[in-house]
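Notes for the structure review
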Amino acid sequence: MNEFLFSILKGIQLPLLFFAAIGIYSRIRQKKWTSFDSLLLAAFLLYTVFTAFQVYFFYKILTTSARYILPGVPLYLPFAAMGAITVWNYCKKRKDMFIILLVLGSLFAVSNLYRIYSPRIKRFTSRKQYSEMMISMKVAGFIRMDWEKTVSQKTPRIRVWKSDVYQSGKRPLVSSPYTRIGFLCGGQQIPDFMLYAGYPVDYYVFDKGFTVPDRYEVAGKIIWDGKEVFIYKKASEQ
């Protein structure tokens, strides 16, 4: 529940919404509120509610992502602009409020920049994430070369689809906790519905200790940062 609410608050951009609230209050107080204003505000509220609860409507799971809420922000930006102008005009008359506004604006800009770029920075500063990235790239390179060498002709696209699961329709199909490998090697991470549909896994990629499925053999091994990662593929029939 907390993660669900946090995603919504992150998606609607609370600092901008604060200025929007001031803008709405200012227009109502000045008796400048119009039917178009009501339409914009209703559109934003309806978009946010239906987008936030769409997973719950279909699957009864209370979850969402901020990136799905974010496209609704432009609907209230006119009010946010009015609110920002109102605050600006007020702060110009009081130097202390102007400094506070400048500090808050700077903090907002810095926090947004950190939120945008921190995942990229952590890929190189976090040892765990950097290790996973390097393993994924090395394994994907191995699988790509092995697949091109093993499969002489271009494989047809997979025609089984599920609308709420992203898939590329390409092979090889990879099963691994390192979920980037499938796409990096030109195929995809095999989703559960493809397993149920009978599609075979082309490559398993797991750390040492994984129980090898029947008729699969070790095709290669990647060692990185003291970790051994094994690549399994279906054994060739004699």
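Further up the page is the structure itself.
All of the points below concern the structure found in this document. Fair warning: this is a prediction, and the values are worked out from it, not measured in the lab.

Attention shifts here to helix H8 (residues 127-150). The end-to-end C-alpha separation of H8 is 34 Å, in line with the 34 Å expected for 24 residues at 1.5 Å each. Residues Ser-131, Met-133, Met-134, Ile-135, Ser-136, Val-139, Ala-140, Gly-141, Ile-143, Asp-146 and Trp-147 constitute the buried set of H8.

Enumeration according to the criterion identifies four salt bridges in this entry. With a shortest N-O distance of 2.9 Å, Arg-27 and Asp-37 are connected by a salt bridge. On the criterion of sequence distance, the pair formed by Arg-27 in helix H2 (residues 14-29) and Asp-37 in helix H3 (residues 35-52) is long-range, its members being ten residues apart. The salt bridge partner of Lys-221 is Glu-228, with a shortest N-O separation of 3.6 Å. You can call Lys-221 partly exposed: its relative accessible area is 42%.

Throughout the structure, instances matching the rule amount to ten aromatic pairs. Taking the centre distance of 5.3 Å and the plane angle of 65° together, the rings of Phe-4 and Phe-53 count as edge-to-face. Of this pair, Phe-4 sits in helix H1 (residues 2-11) while Phe-53 sits in the loop between H3 and helix H4 (54-59), and the two are 49 residues apart along the sequence. Under the relative-accessibility criterion, Phe-53 is labelled partly exposed at 28%.

Right, let's talk about the nonpolar core for a bit. Ile-8, Ile-12, Ala-20, Ala-52, Tyr-76, Phe-79 and Ala-80 are the most contacted members of the largest nonpolar core, which totals 16 residues. Only H1, H2, H3 and helix H6 (77-92) provide two or more residues apiece to this core. Formed by 14 residues, the second largest nonpolar core is a distinct cluster that contains Ala-140, Val-174, Cys-185 and Tyr-203.

The rules we used
Residues numbered from 1 in each chain as written. Predicted model: local features only at pLDDT ≥ 70, side-chain atom pairs only at ≥ 80, totals over all residues. Heavy atoms only, no water. Helix = DSSP H or I, 4+ residues; strand = E, 2+ residues; numbered from the N terminus. Expected span 1.5 Å × (residues − 1). Buried < 20%, exposed > 50% of the residue type's maximum accessible area, 1.4 Å probe, protein only. Salt bridge = Lys/Arg side-chain N within 4 Å of Asp/Glu carboxyl O. Phe/Tyr/Trp six-rings, centres within 6.5 Å; stacked < 30°, edge-to-face > 60°. Core = buried A, V, L, I, M, F, W, Y, C linked by side-chain atoms within 4.5 Å.

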